[in-house]
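# Descriptive structure summary
Below are the chains, spelled out letter by letter.
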Amino acid sequence: QFLPDQGDLRELSLYMCRNLTEIETIHKYRDLRVLDMGGCVSLKSIAALRNCKNLEQLSLADCSSIDTIDSLEGLSKLYHMDLTGCTRIRDFMPLNTISSLSRVTLKRCESRSILPLIESLNEIIATEATACLKGIALWSITPLLPDLINMLDLEEFQLYNRYLGVNINKTTFEAKCNALEILAAVATQDTVGDSVILQHGALPAVLTCIQYGRGRLRESAVATLARMSHNRNSVPTIVDENAVEILVDLVQLDWEAMTDSDETDADYRCHEMTNEYAASALLLIALVEEERQRIVQSSGIEALVKLLEEGSDGASVEAAGALWNLGATLEIGKHIVESGAVPALVQTLKTRPLAAKVQAAGALRNLAILNINKIKLCEYGIMPVLIEMLCSGDLDINDDEQLGLVVKIVATIRILSSNLVAQVEAARCGAIPYLVRLLRKCDEQLRRQASGALLALSFNERNRNLIADARGIINLVRIVATDMSDATIMSAAGCLWNLAMNDDLERRIVKHDAIPALIRRLNSRSIEVVCKAAGALKNLSYQREHKEIVAANGGIPKLVELIKDPSSRVLPYAVGALRLVASGRPETRRKIVSSGAIEYLVKLLALKDEQNDSVRLASGTLLHLADCHTEAMVKAGAVPHLIAMTKWEDAPLLVREEAAYILQRIALSPNNPTQALRVERSAICRKRASDELVISRARGVPGDTYIKANNMIMFYSYSSVACETFLNKGKVYYEIEIFSVKGFPSFGWISKEFETGINHLYDCGVGFPGRDKTSHDSWAIDGVNQRKWPNKETYGMSWGKGDVVTIAADLDAGILTFGLNGCYDAPMGIAFKDIFESRNEAFALAPALSGSHNTAVHVNFGEMGFKFPPPENDYVGFYQASRTGLRH
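Reference entry: report on the structure contained in this document. Every value quoted in this text rests on a predicted model; they were computed, and no experiment measured them.

## Some remarks on the overall build of the chain
Along its length, the chain carries 41 helices and 20 strands. By residue count, 55% of the 888 residues in the chain fall in the buried class. Contacts in the chain between residues far apart in sequence, at least 24 positions, make up 64% of those at least 6 positions apart. If you sum the accessible surface of the chain, you get close to 37,800 Å²; carbon and sulfur atoms cover 49% of it.

## Observations concerning the layout of surface pockets
There is about 910 Å³ of room inside the largest pocket. Contributing to the lining of the largest pocket are 34 residues, with R579, L654, E658, F744 and D763 lying nearest its centre. Going through the elements one at a time, α33 (571-581), α36 (613-625), α39 (653-667) and β13 (787-789) are the ones with two or more residues in the lining of the largest pocket. With 6 residues, the top contributor of residues to the lining of the largest pocket is α36. By residue class, the composition of the lining of the largest pocket is 16 nonpolar, 8 polar and 10 charged.

## Observations concerning unusual backbone geometry
P790 follows W789 through a cis peptide bond whose omega is 15°. By secondary structure assignment, the location of P790 is in the loop between β13 and β14 (793-794). Put simply, A826 and P827 share a cis peptide bond, and its omega is 15°. Relative to the assigned elements, P827 resides in the loop between β16 (815-820) and β17 (829-832).

## Quick word on the sheet that holds strand β1 (residues 11-13)
The 5 strands are arranged β1-β2-β3-β4-β5 in an open sheet whose pairing can be described as parallel. Both edges of this open sheet fall to β1 and β5 (103-105), since each of them pairs with a single strand only. Going across the sheet, the axis of each strand differs from the next one's by a mean of 0°, ignoring polarity. Here 3 bridges tie β1 to strand β2 (residues 34-36), and the two strands are oriented parallel to one another. Among the inter-strand pairings, L12 is bridged to a residue of β2, identified as L35.

## Quick look at the packing of aromatic side chains
Summed over all chains, the structure comprises 9 aromatic pairs. Taking 4.5 Å as the distance between ring centres and 15° as the angle between the ring planes, the aromatic pair formed by F747 and W799 counts as stacked. Of the two residues, F747 is situated in strand β11 (residues 746-751) and W799 in the loop between β14 and β15 (804-810); the sequence distance between them amounts to 52 residues. Each member of the pair, F747 as well as W799, is classed as buried. Judged by centre distance (6.3 Å) and plane angle (70°), the ring pair of Y795 and F818 falls under edge-to-face.

## A short note on the sheet that holds strand β6 (residues 695-699)
Taken together, the 7 strands give an open sheet; going across it, the order is β6-β9-β18-β11-β12-β13-β14, and neighbouring strands pair in antiparallel fashion. This sheet does not close on itself; its edge strands, each paired only once, are β6 and β14. Pairing geometry for strand β9 (residues 719-723) and strand β18 (residues 845-851), over 4 bridges, is antiparallel. Of the residues in β18, the one forming a bridge with S719 is G851.

## Section: the environment of P384
One can find P384 in helix α20 (residues 382-391). When the C-alpha positions of P384 and A422 are compared, they lie 9.8 Å apart, and in sequence the two are 38 residues distant. If near-sequence neighbours (up to four positions away) are discounted, P384 is found in contact with E425, R428 and C429.

## What to know about the pairing of β16
Among the 6 residues in β16, 5 count as buried, and that is most of the element. In terms of strand pairing, β15 meets β16 through 6 bridges, oriented antiparallel. Its bridge partner being in β16, A808 is matched across the sheet by T817. Two successive antiparallel strands, β15 and β16, enclose a turn made up of 4 residues, where G814 displays a positive phi of approximately 75°.

## Topic: helix α28 (residues 503-511)
Within α28 the residues assigned to the buried category are D503, L505, E506, I509 and V510. With its buried residues spanning 155° around the axis, α28 presents them on a single face. Of the surrounding elements, those touching the buried residues of α28 are α25 (461-469), α26 (472-482), α27 (486-499), α29 (514-520), α30 (527-539) and α31 (544-552). For α28, the N-terminal cap is N502; the gap from its side-chain oxygen to the backbone nitrogen of D504 is 2.9 Å. Looking one or two residues past α28, D513 carries a phi angle of roughly 60°, positive in sign.

## Observations regarding helix α38 (residues 638-645)
For α38, the complete set of buried residues consists of A638, H641, L642 and M645. Projected onto a plane normal to the axis of α38, the buried residues spread over an arc of 100° and lie on a single side.

## Overview of the pattern of salt bridges
The full count for this structure, using the stated rule, is 20 salt bridges. In this structure, R352 engages D313 in a salt bridge whose closest nitrogen and oxygen atoms are separated by 2.8 Å. Of this pair, R352 sits in the loop between α17 (341-351) and α18 (354-367) while D313 sits in helix α15 (residues 313-326), and the two are 39 residues apart along the sequence. For R352, a relative accessible area of 13% translates into the label buried. Between E755 and R544 there is a salt bridge; the shortest N-O distance is 3.5 Å. Note that E755 is positioned in the loop between β11 and β12 (778-782) and R544 in helix α31, a separation of 211 residues in sequence. Of the residues examined, R544 reaches a relative accessible area of 18% and is grouped as buried.

## Describing the packing of helix α32 (residues 555-562) against α33
Angle between the axes and distance between the axes are the two parameters that describe a pair of packed helices. The N-to-C vectors of α32 and α33 enclose an angle of 140°; their axes lie 9 Å apart at closest approach. Considered as vectors, α32 and α33 are oriented oblique to each other. When the axes of α32 and α33 are compared, the crossing they make is left-handed. Listed contacts from α33 to I556, L559, V560 and L562 of α32 are L571, A574, A577, L578 and V581. Counted by class, the contact of α32 with α33 contains 9 nonpolar, no polar and no charged residues.

## Regarding a negative patch on the surface
A contiguous patch of negative charge, built from D396, D399, D400 and E401, is present on the exposed surface. Relative to the assigned elements, D400 resides in helix α21 (residues 400-416).

## A closer look at the nonpolar core
Among the nonpolar cores identified, the biggest contains 230 residues, and M37, L95 and L106 are the most heavily contacted of them. For this core, the leading source of residues is α21, giving 9 residues. Those residues within four positions of M37 in sequence are excluded, and the remaining contacts are L14, I23, L43, I46, L49, L58, S59, L60, A61 and C63. If you look at the next biggest cluster of nonpolar residues, it comprises 38 residues, including V721, I738, V805 and F878.

## Some details on a positive patch on the surface
A contiguous patch of positive charge on the surface is contributed by R437, R440, K441, R471 and R478. Residue position: R437 is located in helix α23 (residues 431-438).

## Some words on the pairing of β9
Looking down a regular strand, the side chains alternate between one sheet face and the other. In terms of residue burial, β9 counts as a mostly covered element, since 5 of its 5 residues are buried. Both faces of β9 are covered, namely the face carrying S719, V721 and C723 and the face carrying S720 and A722. Across 4 bridges, β6 lies against β9 in antiparallel orientation. Residue I695 lies in a different strand from β9, and its bridge partner there is C723.

## Focus on the state of the cysteines
Taken as a whole, this structure holds 0 disulfides when the rule is applied. The closest cysteine sulfur to the non-disulfide-bonded C86 is located on C109, 5.5 Å from its own sulfur. In this structure C86 comes out as buried when scored by relative accessible area, which is 0%. C531 supplies the cysteine sulfur nearest to C495, a cysteine that is in no disulfide, at a spacing of 17 Å.

So, how was this worked out
Residues numbered from 1 in each chain as written. Predicted model: local features only at pLDDT ≥ 70, side-chain atom pairs only at ≥ 80, totals over all residues. Heavy atoms only, no water. Helix = DSSP H or I, 4+ residues; strand = E, 2+ residues; numbered from the N terminus. Buried < 20%, exposed > 50% of the residue type's maximum accessible area, 1.4 Å probe, protein only. Contact = heavy atoms within 4.5 Å. Areas by Shrake-Rupley, 256 points an atom, 1.4 Å probe, with all protein chains shown as cover. 1 Å grid on protein atoms, 1.4 Å probe; cavity = no way out; pocket = protein on both sides within 12 Å on 5 of 7 lines; lining within 4 Å. Points joined across faces, edges and corners; volume = space filled by probe spheres on them. Nonpolar A, V, L, I, M, F, W, Y, C, P; charged D, E, K, R; others polar. Pairing = 2+ DSSP bridges. Axes fitted to C-alpha atoms, helices over the stretch in contact; angles between N-to-C directions. Phe/Tyr/Trp six-rings, centres within 6.5 Å; stacked < 30°, edge-to-face > 60°. Arc of directions from axis to C-beta. Polar contact = N/O pair within 3.5 Å; in protein donor to acceptor, adjacent residues only side chain to side chain. Salt bridge = Lys/Arg side-chain N within 4 Å of Asp/Glu carboxyl O. Parallel < 35°, antiparallel > 145°, perpendicular 65-115°, else oblique. Left-handed = near helix turned anticlockwise from the far one by under 90°. Patch = residues over 30% accessible without salt bridge, like charges linked within 9 Å, V, L, I, M, F, W, Y side chains within 5 Å. Lys, Arg positive; Asp, Glu negative; His and termini not counted. Charge placed at Lys NZ, Arg CZ, Asp CG, Glu CD. Core = buried A, V, L, I, M, F, W, Y, C linked by side-chain atoms within 4.5 Å. Disulfide = S-S within 2.5 Å.

Okay, here's the thing in C-alpha cells:
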C-alpha cells in the first residue's frame, strides 16, 4: 500500500520488516535492480520475484520462513545474492541456473542442503558452499561425512590424469577437491576431528587420491592427510595403510616433470605445495617414536634432506622439522648425520626464512646429543656458524620467533660443549661473553640454556678464567640467589662448582657471597639443585676462612641433614663438603659434632662398601673429628666398623690408614691434646738451649709426629715438620734417609710465608700436594708418586726403603736440586729455577718435609757425615752454613 504506483522503482529496502508476509504486488516493478528483504522473518514466498527480470542484487538474509527459491530461475541479470540464515530452504540447486551469479552468501544455511553445491559448475557457488561447510561445527558436519567420502569414490568418478591422457571431468575434479578441503577442515576441529574422519573410513579414499590424482586434487588430498596426522593416536592407523611410503615418494622432487613445456604456474605451485604438505605429514608422523623407523626404512631421511636442499622455503620448514623430530631417536640421529643432512641444515640456518631456521636449529640440537654426532658436527664447522649467528646482532630476542631461534642455538651450543673440541672452539669464537650477557635477560628459557652452556664450557680449565673475566661469577651467583627455575639454578651452581676448582676463582666466588646463596639452595625440593649446591660448597671449602663462612651461615646443620639418608644422590657431595669443613678450626668441628653428624657418619661406615665414595668421605670426616671427639664415636658404635675397614683389601691404602688413625686416637683418648703440645714445646726448648738446629711439627695433630733427638722422625698421621732456621745465602744441602714411606711424602724447602702452628689434621703439606697449584711458599718433590710441587709436574725416580734423598739449594741463584743415592742425572737433578723471582731481600728458605701414616725417615743437616756428595763441590751442609753467619 505504501509503494508508489509508478513502475520505474530501481532500489527497494524492506530490511527488518518482520511482519511482512507477502510481496505479490512487487511484480509490477519490472525495472527493480536492488532488493533488500533481510530480516523479513515472516515472509514465506518470493514467487512474485519471477517477473523482476532486471533484478541484479537480492538479499534474503535471515528470511527463515522461505522454503524454496525456485522462482529465481531465469533471473539472468542477478549477480549478487545473500541467503544467509535461510534455514528452511532444502534445495539450493536453482542457483546453478543463474548464470550471471558472481557473488553468493550461504552462511548458516542447512548444511545437508548446501552439500550438493560443492559440485556446482559455477565455481563461485561451489567455493562458497565449500567455505560454509568448512566452518561449521564438528557435530553438525559429522552426519555428512559419508556423503563427502563417497564423492572420492574412484570407481564412480573418472580422475584427471594427464599422463594417461584421460580427459578432465572438471566438475568431478573440483568436487573432489572441495570434498577434500572440507575433510581437512574437519580433521583440525577440536581434538577428535581426525579420528572421526578415520572412523568413517576416509583414509583409503584420501590415499587413493594422493596416488592417482594430479594437481590440486592431489594437493588437497595430501593436505587432508597432513591434518589427519595431527592426532598421535591416529598415526599408527595411517602408517598401517602404507602412507609413509606414499608420502616419501611425494617428497622426492621431480624437477624434470615440473619443467615440462606444458607445466603452468598453477601446476608448479600445486606441485610445490604437495611437497610441503607431504613433508608436514612426515613431520607429524615422526612425533610418534614407534613410527620413526618406518620413515627411515622408506628412505625418508634422504628424501627430506634433498627437499631441504632443493625445495621451496615452505617445504624447507617442514623438512627441517621432520628431521628435528626424527633426530629425537639417537640412532636415527646418527643415520641423519651420515645421510649428509648437516650441510643442508647449516645452509638453512644461513639462507632460509626465520621459520625454517628455527626448525633447523632444533634438528641440530637433537643431532648433537649423540657423542659421535658431536664429533661430526664439529668437523662440519657448526660451532662458528652458531656463534656468528648469535653475536652478529641480527637476532632480536624481543621478537618471540627470533627468541625461539636464539634459545635453540644456545641449546645446541650447550649440548655440543660436552665435547672437548667444541669447548675450545666455542671459546675461540667468542661465545662465552655473549652467554654471560644472556644470564641477565628476562626470558627464563634463555637463562636456562645459557647457564647450561656455561656449565658445559666450564669443564675446560682455560674457559673458567674466560667466564670469570666476562663477569660470569657475579651473574651466576645472582641466579643461584634469586632465580625461580630449578634447571637454571642447577646449571649456575654446577658452573660455580667447576670454577671453584681454581684457587683464585674460589676466592672471587666467595667474595661475591656465593656461600650463603648456595647454603639456602640446600633446602631446594630439586635433588639436582641440592647436589650441585653441595658440590659447589665442597669446592669452596678448601680455604680455611671459607670453612668458617660455611659454618657462620648455618651450612653445617643443613649438610648434616643431607647425610641422614644413605641412599640419597646428594650424599657424596654433602659428606665431601662436610669433610673439608671439618678440617677447619676446633670451633667448627664442635659445631659439626653438636649437629649430630657423628651418628650418621658412623651409619655410613656400617654400609661396609669398599668402593663407596661416601663411606670413604665419611671416614675422612671422622678423621678430622678424631682429635677431640673420640668419645662420641665410641658411643655411636664406630669401633667395629673402623676395625673392619683396616682389613679391606680392595680399598685404597689411604682409607685403611685413616681408619687405623681414628682407632689410634680412640685408644689414646684419655690423653689431652694440650698435654701433647706441652711435651712438644718442652723438647723444642731443650734443643734451643743446646744450640742445636731445631726441627718441629709445623702442621698436623699434636702428638702424631715423633721426633727423636737425633732427628729420626716417625709419622702417625699426615703431618709436616720444618727446621726453625732459615738461610738466604750460599749453596746448602741436607739428606733424608728413608726407613719406610707411604702415601704422599714431600721433601723440600719452605719460605717464611708457609703457615705453621696448625694443630689439627691438615691435608696440605710442603708444596701443598694435591690441591694448591698456585702457592709459592714451599717447594718439594714426591718420590712415591714421582711428582714435584706446587706444579704437580712429573719428576724424578721412585723412592723406597733404604734410599737417601739429597736436597740442595743454591740460595743465590734460586735453584733447587734433588738427588737420589748420589745421582743427579735426569730424571733427578734441577727441579725448580728462579724461585726468588720478585722476592724481597729478606726471602729465605728452611728444610721441611711432609709424611703420611707409617712413614719413618732420618734427617741429616750435616751434624754427622753425609752418605753422598752434593751436586757440586761448593755446596756445604745446612748445619755448617747455619754456623757461619748465613742464617736469617
